[in-house]
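Summary of structural features
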Amino acid sequence: MHFLIKIKNYIFWNNINLYIFLKKNIQRKLNFQVDIHLFLESNLPKNPTIIEAGAADGNDTLHFARTFPNGKIFALEPMSSLYIEADKKLNNFNNVQLFKYAFHSKDGEAEFYLSEKDDEPWGSSSLRKPKEHLKFHPQIKFNNTEVVETISLDSFLTKNKIEKVDLLWLDLQGSEPEVLMASKLLHRIKYLYTEVSLKESYEGSILYDQLKQYMIKQGFEVHFEDNRWEDMGNVLFLNKNI
């Protein structure tokens, strides 16, 4: 068994695409983790267009900025306190634009439920009111709200004249399906990496099975799933037509 683990680790670090193939076709029932950043470094072009919505304090955005200095990175974070943190980390990078928006099904304003842990801002804030999230993560509190500016995916693409997206990264705490299902421009996206809901962590959130079927109908396939948690997971979709 120790030898097999060594082989798996070698494949993981030296050929991430072979690793994904083996995960999908040979070890379907073994839900081992995939390093998404390693995969993206191996599969995105050197100058990708990346949209990251739900950038939180900017840690993933910072990684993208450093990894793809010739790319164009659009980051969105609506929560004021986290936006300020992200801006401090990213304001010296010419390849990053940071926007104080929440992706939504329509443009306008909406109430945003603010999360905190140990009296510090936390990345579980959502346009949706928390539900089972309170049970799965009792240490995270939602004591305040904030009115934020919202924008649809299609409006954002149009306003920024974005014709092709190499990676759309969504971490919207239950609002991802609503944003995607409202879009008429999904054909512009090659890779979609999104958090998915396995339970109704937020009121009215669409669960993963329904989202998966919708994305398949739009011409995407599941490239890999990382659903190690009971309530939430992460999935990479690939547009088969690009």
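Shown above is the structure to which this text applies.
Worth saying up front: this structure is predicted, and the values here are computed from it rather than measured. (Residues numbered from 1 in each chain as written. Predicted model: local features only at pLDDT ≥ 70, side-chain atom pairs only at ≥ 80, totals over all residues. Heavy atoms only, no water.)

**What about the overall build of the protein?**
Looking only at helices and strands, one finds nine helices and 11 strands in the protein. Going through the 242 residues of the protein one by one, you find that 50% of them count as buried. Summarising the internal contacts of the protein: among those between residues at least 6 apart in sequence, 65% fall at separations of at least 24. When the accessible surface of the protein is totalled, it reaches about 12400 Å², and 49% of it is carbon and sulfur. (Helix = DSSP H or I, 4+ residues; strand = E, 2+ residues; numbered from the N terminus. Buried < 20%, exposed > 50% of the residue type's maximum accessible area, 1.4 Å probe, protein only. Contact = heavy atoms within 4.5 Å. Areas by Shrake-Rupley, 256 points an atom, 1.4 Å probe, with all protein chains shown as cover.)

**Observations regarding the side chain of Q173**
Relative to the assigned elements, Q173 resides in the loop between strand 8 (165-170) and helix 8 (176-181). Of the polar contacts made by the side chain of Q173, one reaches the backbone oxygen of G123; its length is 3.4 Å. Setting aside chain neighbours within four positions, we find Q173 in contact with G123, S124, S125, S126, E195 and Y202. (Polar contact = N/O pair within 3.5 Å; in protein donor to acceptor, adjacent residues only side chain to side chain.)

**A short note on the sheet that holds strand 3 (residues 96-99)**
The seven strands are arranged 3-2-1-8-9-11-10 in an open sheet whose pairing can be described as mixed. One side of each edge strand has no neighbouring strand; the edge strands of this open sheet are strand 3 and strand 10 (220-226). Neighbour to neighbour, the strand axes of the sheet diverge by 15° on average, direction disregarded. Taken together, the seven bridges between strand 9 (residues 189-197) and strand 11 (residues 232-239) define a ladder with antiparallel strand orientation. Looking at the pairing, T194 lines up with V235 of strand 11. (Pairing = 2+ DSSP bridges. Axes fitted to C-alpha atoms, helices over the stretch in contact; angles between N-to-C directions.)

**What about unusual backbone geometry?**
Here the phi dihedral of D119 falls at roughly 65°; this positive angle occurs in a residue that is not glycine. Checked against the element boundaries, D119 lands in the loop between strand 5 (108-117) and strand 6 (120-121). Assessed through its relative accessible area of 67%, D119 is described here as exposed. The residue K161 is not glycine, and still its phi comes out positive at about 55°. By the secondary structure assignment, K161 is in the loop between helix 7 (153-159) and strand 8. Given the relative accessible area of 72%, K161 is considered exposed.

**Here we look at the nonpolar core**
With 30 residues, the main nonpolar core has I51, L76, F103, F156 and L168 as its most contacted residues. Grouped together as the second largest cluster of nonpolar side chains are 24 residues, A75, Y83, A86 and L98 included. (Core = buried A, V, L, I, M, F, W, Y, C linked by side-chain atoms within 4.5 Å.)

**Describing the packing of aromatic side chains**
Across all of its chains, the model carries 10 aromatic pairs by this definition. Summarising the aromatic geometry, the rings of F74 and F99 are spaced 6.4 Å apart at their centres and angled 25° between planes, so their arrangement reads as stacked. Of this pair, F74 sits in strand 2 (residues 72-76) while F99 sits in strand 3, placing them 25 residues apart in sequence. A relative accessible area of 6% places F74 in the buried class. Taking the centre distance of 5.7 Å and the plane angle of 85° together, the rings of F103 and F156 count as edge-to-face. Of the two residues, F103 sits in strand 4 (residues 102-103) while F156 sits in helix 7, which places them 53 residues apart along the sequence. Exposure remark for F103: the relative accessible area of 3% places this residue in the buried category. Within the aromatic cluster, the residues linked to one another by ring pairs are F74, F99, Y101, F103 and F156. (Phe/Tyr/Trp six-rings, centres within 6.5 Å; stacked < 30°, edge-to-face > 60°.)

**Notes on helix 5 (residues 80-90)**
Every buried residue belonging to helix 5 is among L82, Y83, A86 and L90, and all of these are buried. The arc that holds the buried residues of helix 5, viewed along the axis, is 100°, so those residues lie on one side. Buried residues belonging to helix 5 abut helix 4 (59-67), strand 3 and strand 6. (Arc of directions from axis to C-beta.)

**Let's talk about the sheet that holds strand 5**
The strand order across the open sheet built from four strands is 4-7-5-6, with neighbouring strands paired in mixed fashion. Unpaired on one side and paired on the other, strand 4 and strand 6 mark the two borders of the sheet. Across two bridges, strand 5 lies against strand 6 in antiparallel orientation. Of the residues in strand 6, the one forming a bridge with E116 is P121.

**Some points on helix 9 (residues 208-217)**
Three or more residues of helix 9 are buried, namely Y208, L211 and M215. Projection of helix 9 onto a plane perpendicular to its axis shows the buried side chains occupying an angular sector of 60°, all on one side. The exposed set on the far side of helix 9, more than 90 degrees from its buried face, consists of D209 and K217.

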